[in-house]
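# Structural overview
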Amino acid sequence: MQLKVLADVGLVGFPNAGKSTLLSVVSAAKPEIADYPFTTLTPQLGIVSYRDGQSFCMADIPGIIEGAAEGKGLGLRFLRHIERNAVLLFMVPATAEDIAAEYRILLRELEKYNPELLTKARILAISKCDLLEDTTDAQRATRNAQLSEELGIPVVHISAVSGLGISELKDMLWVELNKEQNQVIEISHAPIDIAMREEAESDVATEDDDEQQTIYLNEVEEEWDLNKYKGIGWDE
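Residues numbered from 1 in each chain as written. Predicted model: local features only at pLDDT ≥ 70, side-chain atom pairs only at ≥ 80, totals over all residues. Heavy atoms only, no water.

Further remarks concern the environment of Phe56. Positionally, Phe56 belongs in strand 4 (residues 55-60). Aside from chain neighbours lying at most four places away, what touches Phe56 is Asp8, Val9, Gly46, Ile47, Val48, Leu173, Trp174 and Leu177. (Helix = DSSP H or I, 4+ residues; strand = E, 2+ residues; numbered from the N terminus. Contact = heavy atoms within 4.5 Å.)

Shown next as C-alpha cells:
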C-alpha cells in the first residue's frame, strides 16, 4: 500500500536547499529545520495565504540526491509524493557552484522515476540569496532572465530569511496553479462509508497478495448522510 501526498505545490531540491525554511515562512507549518542533510523525513504540508483570502497547499518533500531513482538516499520512498503535486517548485541555493547543472540533476532523477513528471509545470527558485554579498536587484533580474531562457522555465531569486522575492514567488505560483492544465482534484473531508470500506477491503483480499495497491487520500467527494451513522453514537 502507498499513501501519496496531494498538494498544489511540491518543493523539490537537494538536502539543505531551504525548502523547510521557505514552508515555515509562507505558512503556519513548523517543519524541523537544521544545518544537516535529511532533516525532513516525512512530507510536510502548509497552507500558503495569498491575496483576497485565497490560499494554496504547499508540500515540503524530503531532499533528493543524485541516484535517488535507483534508491540512493531516501530514494523512491519520497519521489512518489511528487506525482500528486500540480506545480513543482525546484529550489537550488544561490551559493551552488552551477545552478543550472543542479536543476538538471534533479530533473533527471524525476524523469528516471516517472517521465510523466516532466509534463508538470515547473518554477526554479534560487534560494538563500541573502548569502550573496553586494548583489543588486538589477543583477538578480539579469541572472533570472538568463537562466529562464536557458532552462525554459520561470526563475526567481528568493530569501526566506529576509523575505526578498517571496511575494513575487507567490504570484508566479498562483499564475501557474490557475492555468487549466495545472488544476488538481479538490481535497474533500467526507466521513468514511463503513459498508463501502468493508466491501473494498473484501475485494482487495481476493487479489494477489504481492500486487501493490495505491490509495489516494480524500480523492472522492461524498454526500454527508448522517442518518446512516445513527445508532452507533454519531448522532449524539
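So much for the structure itself; the text now carries on.
Most of strand 4 is tucked away: 5 of the 6 residues are buried. Remark: 5 residues form the turn of the hairpin made by strand 3 (residues 44-49) and strand 4, two consecutive strands paired antiparallel; Asp52 in that turn has positive phi of roughly 55°. (Buried < 20%, exposed > 50% of the residue type's maximum accessible area, 1.4 Å probe, protein only. Pairing = 2+ DSSP bridges.)

To continue, consider the packing of aromatic side chains. Considering all chains together, one arrives at 3 aromatic pairs under this definition. Here the aromatic rings of Phe56 and Trp174 are separated by 6.2 Å at their centres, their planes lie at 40°, and the arrangement is tilted. Of this pair, Phe56 sits in strand 4 while Trp174 sits in helix 5 (residues 166-177), and the two are 118 residues apart along the sequence. For Phe56, a relative accessible area of 3% puts it in the buried group. Ring geometry for Phe90 versus Tyr103: centroids 5.0 Å apart, planes at 70°, classification edge-to-face. Taken together, the positions of Phe90 in strand 5 (residues 85-93) and Tyr103 in helix 3 (residues 99-113) put the pair 13 residues apart, joining distant regions of the chain. Comparing Phe90 with Tyr103, the two get one shared label, buried. Among the aromatic residues, those joined into a ring-pair cluster are Tyr50, Phe56 and Trp174. (Phe/Tyr/Trp six-rings, centres within 6.5 Å; stacked < 30°, edge-to-face > 60°.)

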